[in-house]
Amino acid sequence: MSFLEVRDLCLDVGGFELDRIELKAEKGDYLTLIGPTGSGKSLLLETIIGFYGPEKGRIILEGKDITDLPPNMRQISLVYQDHMLFPHMNVFENIAYAIRKKLRDKKQIEAEVKQIAGVLGIGELLYRKPATLSGGEKQRAAIARSLIVRPKLLLLDEPFSALDVRTKEKLRKMLKKAISEYSTTVLHVTHDFEDVWALANRVVVLRKGKVMQSGDPESVFRQPSPDFVAEFLGTNVLKGKVKALEGKLTVIEAEGLEIYSSDPAEPGEKVAVSIRPEEIILARGVMESSARNTLKGKVSGVFKKEHLVVVEMEMGHAEIKAVVTPTSCEMLGLEPGREMHAVFKASNARIIR
Ligand SMILES: Nc1ncnc2c1ncn2[C@@H]1O[C@H](COP(=O)(O)OP(=O)(O)OP(=O)(O)O)[C@@H](O)[C@H]1O
Ligand SMILES: [Mg+2]
């Protein structure tokens, strides 16, 4: 049995349903839950913590069925996007609040608060009121308050979404350290794929209250199930047919392009090929490289996205996206109309079915 098991969970809130959700996590796992807005991510967290009673299904935590327990008996903590600290209490009191019921000894309380505050880098802020803190500091205080009780499961609902890119990066590192020191199992809802890459060992994709795909980030991002998940993750997907086998490579004819993949398939088989935008190298001319695929096309759009640039290209009958740094964008003179080559390895052209 897994540490956390959500079995066949159904919730009906009138107009929206969580539909037969299955989730599993081992102790110490870091699960990220992603999906479009309104797909039921927050509702799923709120059902796991016990704010909603499911119509059907069970929630098992460390071998115990907690489905019918009140939220405060589940040993689960939840951190929201907006920290919800008590405004009239200083940071110390906010963090200490939850353990005051358990611990009587003042020295011990102080030691526990200082320990978690130290891990999260807010040791200097303990005697300030929340209103005087930056967004990132408030979130660290909120995380400290949730972790100090050593929950069996920590639920995070978009904890970093109101923060800037640099602060997010810093907080990810601190959170990672804190959860490893407290050996916490985490279920983290996010819209930011960076959270998945930086923190998670598992990712679950939700759509309209249903689990569409789950697995380790590497396999979900590289081999998303076609259509919805692939599109949601921003993967290039080309649909076609296996034309031939060349040695260990599979040659696929897809949308007017010929693509080499190192994944096995049968000649004549209908397949789709998935290529991550980050795996594509752009070159002006034909480049000598060990990468098996070089496709020629024309830039159709260039868009800034956080600290990177997304380049859209027309290639064959397909539109292919690549991601480059602003510097390479400038060096390559990427602008609509420019002819470009997209270069990628056969091992990065993954066959999906
Ligand atoms: N108490 C409720 N009663 C009725 N409908 C609800 C209730 N809570 C949420 N919903 C609806 O359920 C759907 C899923 O909501 P939820 O908040 O879980 O989405 P989400 O995936 O967290 O979205 P976001 O990414 O925008 O936070 C939405 O359509 C929402 O309007
Ligand atoms: Mg939500």
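Residues numbered from 1 in each chain as written. Chains lettered and ligands numbered in written order. Predicted model: local features only at pLDDT ≥ 70, side-chain atom pairs only at ≥ 80, totals over all residues. Heavy atoms only, no water.

The protein chain goes by Molybdate/tungstate import ATP-binding protein WtpC in an unreviewed UniProt entry, where it is assigned to Methanosarcina barkeri MS. The UniProt entry for the protein chain carries the following comment under Catalytic activity (unreviewed entry): "tungstate(in) + ATP + H2O = tungstate(out) + ADP + phosphate + H(+)". Here is the UniProt Sequence similarities (unreviewed entry) comment for the protein chain, exactly as written: "Belongs to the ABC transporter superfamily. Sulfate/tungstate importer (TC 3.A.1.6) family." (UniProt positions renumbered as here; feature names shortened; annotations may be inferred.)

Visitor: Just checking my understanding: could you explain the domain arrangement of the protein chain for this structure?
Guide: Interfaces are often sized by the accessible area lost when the parts come together. Entries for the protein chain in the domain assignment read domain 1 (4–222) and domain 2 (228–352). For domain 1 versus domain 2, the distance between C-alpha centres works out to 37 Å. Contact with domain 1, which involves 15 residues of that partner, is made by eleven residues of domain 2. Taken together, the two surfaces of domain 1 and domain 2 that pack against each other cover about 1200 Å², and 66% of this comes from carbon and sulfur. For the domain 1 face of the interface with domain 2, the top three residues by lost area are F193, F221 and R222, together amounting to 47%. Across the domain 1-domain 2 interface, the total number found is one salt bridge. Notably, a salt bridge pairs E279 with R222, separated by 2.5 Å at the nearest N-O pair. At the boundary of domain 1 with domain 2, the tally comes to two residue pairs in polar contact (both at pLDDT 80 or more). (Domains from an automatic or database assignment. Contact = heavy atoms within 4.5 Å. Buried area = accessible area lost by both parts, 1.4 Å probe. Salt bridge = Lys/Arg side-chain N within 4 Å of Asp/Glu carboxyl O. Polar contact = N/O pair within 3.5 Å; in protein donor to acceptor, adjacent residues only side chain to side chain.)

Visitor: Help me out: how do you make sense of the sheet that holds strand 12 (residues 249–254) in this one?
Guide: Strand pairing in a sheet relies on backbone hydrogen bonds. The paired strands run either parallel or antiparallel. Spatially, the five strands line up as an open sheet ordered 13-12-11-14-20, and their pairing is antiparallel. The open sheet has two edge strands with one neighbour each: strand 13 (257–261) and strand 20 (350–352). Each strand of the sheet is rotated relative to its neighbour by a mean of 45°, with strand direction disregarded. Pairing geometry for strand 11 (residues 236–246) and strand 12, over six bridges, is antiparallel. If you follow E246 over to strand 12, its bridge partner there is L249. (Pairing = 2+ DSSP bridges. Helix = DSSP H or I, 4+ residues; strand = E, 2+ residues; numbered from the N terminus. Axes fitted to C-alpha atoms, helices over the stretch in contact; angles between N-to-C directions.)

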